[in-house]
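Chain by chain, the residues run as shown.
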Amino acid sequence: MEDQGLYTISFKGLSSGSHFYEWTIDGSFFALYKTSEISDAGIRVQLTLLKRSLFFELNFMLSGWAEVSCDRCLDPLKLEMESDAQMFVKFGDHEGEDESEDNDVIILPYVQDRLDVAQYLYEYAHLSLPIRRVHTDDANGQATCNAEMLIKLNEFLVNSN
Ligand SMILES: [Zn+2]
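Residues numbered from 1 in each chain as written. Predicted model: local features only at pLDDT ≥ 70, side-chain atom pairs only at ≥ 80, totals over all residues.

Chemist: Which residues make up the overall build of the protein chain, and what values go with them?
Modeler: Helix and strand counts for the protein chain come out as three helices and eight strands. Its C-alpha atoms give the protein chain a radius of gyration of 20 Å, more than 25% over the compact-globule value 15 Å for 161 residues. Projected onto its principal axes, the C-alpha positions of the protein chain cover 60 × 35 × 30 Å. Burial analysis of the protein chain (161 residues in total) assigns 14% to the buried set. (Helix = DSSP H or I, 4+ residues; strand = E, 2+ residues; numbered from the N terminus. Rg over C-alpha atoms; globule rule 2.2 N^0.38 Å. Buried ≥ 20, exposed ≤ 12 C-beta atoms within 10 Å, placed from the backbone.)

So this is what it looks like as structure tokens:
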């Protein structure tokens with residue numbers, strides 16, 4: 001709760017209505033997470049926070065690119081990113097997530113006056129990645145995967161059988 005991080009939103013004294021936040025997250029952001037599948041990135045995050053009487057509505061827009069490793073040749077693969085996510089913040093006696101709602105609802109204790117959204121940015125970026133991540137064919141129909149690496153991987157598979 002004492003977190004004063006770069007991605008912390010303070011609710012203290014926030015007026016009703018909408019508030020706008022913007023960040024750019026890059027490779028150094030994802031490097032902080034050991035389990036990150038994103039090795040490099042240039043993602044613009046735009047957050048519109050709507051303060052209602054009893055809750056906050058947070059609308060995130062992510063756009064830019066993320067680099068992951070190719071499923072086939074393991075070389076870096078740069079992917080375009082364009083996604084959005086919505087989250088509601090309510091206040092209650094117990095901290096947690098509201099399981100009864102379809103949307104993402106988090107419940108913060110009444111005394112909490114700020115929220116670090118870094119973890120959510122990390123999750124939203126990963127959720128927006130496609131399930132299959134491979135280099136696409138170029139204009140001539142040639143696969144752009146690292147051919148040498150594919151040969152090595154094949155040898156490895158043959159030798160390990
Ligand atoms: Zn590849």
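Chemist: Account for helix α3 (residues 147–159), naming residues and giving values.
Modeler: Taking 1.5 Å per residue as the helical rise, α3 with its 13 residues ought to reach 18 Å, and the 18 Å between its terminal C-alpha atoms agrees with that figure. With zero of 13 residues buried, α3 is to be regarded as a mostly surface element. (Expected span 1.5 Å × (residues − 1).)

Chemist: Report on helix α2 (residues 118–127), specifying residues and quantitative values.
Modeler: Residues of α2 that are buried include every one of L121, Y124 and A125, and no others. All buried residues of α2 project into a common sector of 100° when viewed along the axis, lining one side. The exposed set on the far side of α2, more than 90 degrees from its buried face, consists of Q119 and L127. For α2, the elements touching its buried residues are β2 (17–26), β3 (40–51), β4 (55–69) and β5 (76–92). (Arc of directions from axis to C-beta. Contact = placed C-beta atoms within 7 Å.)

Chemist: Could you give an account of the nonpolar core, with specific residues and numbers?
Modeler: Ranked by size, the top nonpolar core spans 20 residues in total, and within it I43, V45 and A125 carry the most contacts. Elements supplying a minimum of two residues to this core: α1 (27–31), β3, β4 and α2. Every residue in contact with I43, bar those within four places of it in the chain, is listed here: T24, I25, L62, G64, A66, M81 and A125. (Core = buried A, V, L, I, M, F, W, Y, C linked by C-beta atoms within 7 Å.)

Chemist: Report on the environment of V105, specifying residues and quantitative values.
Modeler: By the element assignment, V105 lies in strand β7 (residues 104–109). Once the C-alpha coordinates of V105 and F55 are considered, the two residues, 50 residues apart in sequence, prove to be 9.9 Å apart.

Chemist: Could you give an account of the confidence of the model for the protein chain, with specific residues and numbers?
Modeler: The predicted model of the protein chain averages 89 in pLDDT, with 91% of residues at 70 or higher. Per-residue pLDDT, averaged within each element of the protein chain, yields its smallest value for strand β6 (residues 96–97) (68) and its largest for β3 (98). (pLDDT = per-residue confidence, 0-100.)

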